[in-house]
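# Tertiary structure, described
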Amino acid sequence: QVQLVESGGGLVQAGGSLRLSCAASGGTFGDYAMGWFRQASGKEREFVAAISRNGGNTEYTTSVKGRFTISRDNAKNTVYLQMNSLKPEDTAAYYCAAIPLFSMISVRRTQQYDYWGRGTQVTVSS
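In this report, we go over the structure that sits alongside the text. (Residues numbered from 1 in each chain as written. Predicted model: local features only at pLDDT ≥ 70, side-chain atom pairs only at ≥ 80, totals over all residues. Heavy atoms only, no water.)

## A few points about the packing of aromatic side chains
Operational definition: Stacked, tilted and edge-to-face are the three classes assigned to paired rings of Phe, Tyr and Trp, where Trp is represented by its six-membered ring and a pair needs centres within 6.5 Å; plane angles under 30 degrees give stacked, over 60 edge-to-face, the rest tilted. Here a strand is any run of E in DSSP of at least two residues, a helix any run of H or I of at least four, and the numbering for each starts at the N terminus. The classification of residues rests on relative accessible area computed with a 1.4 Å probe and restricted to protein chains. Under 20% of the type maximum is buried, over 50% is exposed, and intermediate values are partly exposed. Counted as over-ring charges are cases with an Arg CZ or a Lys NZ within 6 Å of the ring centre that also lie within 35 degrees of the ring normal.
In the structure shown here, the tally under the stated rule is five aromatic pairs. Relative to tyrosine 115, the ring of tyrosine 32 lies with its centre 5.9 Å away and its plane at 80°, an arrangement referred to as edge-to-face. Note that tyrosine 32 is positioned in the loop between β3 (18-25) and β4 (33-39) and tyrosine 115 in strand β10 (residues 115-116), a separation of 83 residues in sequence. For tyrosine 32, a relative accessible area of 16% gives the class buried. For tyrosine 115, a relative accessible area of 18% corresponds to the buried category. For the ring pair tyrosine 113 and tryptophan 116, a centre distance of 5.7 Å and an interplane angle of 50° mean the geometry is tilted. On the basis of relative accessible area, tryptophan 116 is assigned to the partly exposed category, the value being 27%. Three or more aromatic residues joined by ring pairs form one cluster here, namely Phe37, Phe47, Tyr113 and Trp116. The ring centre of phenylalanine 29 lies 4.3 Å from the NZ or CZ of arginine 72, which sits over that ring.

## Looking at the sheet that holds strand β1 (residues 3-7)
Remark on secondary structure: sheet strands pair via backbone hydrogen bonds, oriented parallel or antiparallel. As a reminder, the rule being used: Pairing between two strands is assigned when DSSP locates at least 2 bridges connecting them. Note on geometry: axes are lines fitted to C-alpha atoms, helical ones only across the stretch in contact, with angles between N-to-C directions running from 0 to 180 degrees.
Read across the open sheet, the four strands follow the order β1-β3-β8-β7; overall the sheet is antiparallel. Strands with a single pairing partner mark the edges of an open sheet, and in this sheet they are β1 and β7 (68-73). Mean inter-strand twist for the sheet, computed between neighbouring axes without regard to direction, equals 15°. Across six bridges, β3 lies against strand β8 (residues 78-83) in antiparallel orientation. From the neighbouring strand, cysteine 22 faces β8, where its bridge partner is valine 79.

Structure representation (structure tokens):
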């Protein structure tokens, strides 16, 4: 069992930055690709970004390309999401998740992930 704990959320003004962290425990972190998802109030959970097991490949949803960067530190069992130029529409609960294999299609699908964190709230004010 892999446990995931997100941190780093908060309230920020539009145009600001936040860095989310997701710490993993209870398993072999390097065996999993990692993804970030978000869920705004009243909406479905949506894919944000994903990174392969060794960090060599990444995927982003179109709306965050050029603003968000996903990275990982396998020595620290942690995945990060650097969010710059934040917009009010980025307001959501952000979740990290672990998936055994990385592919451009599977990482975008919530049902492909084995483990999920409980989320951290990001609120962007206008």
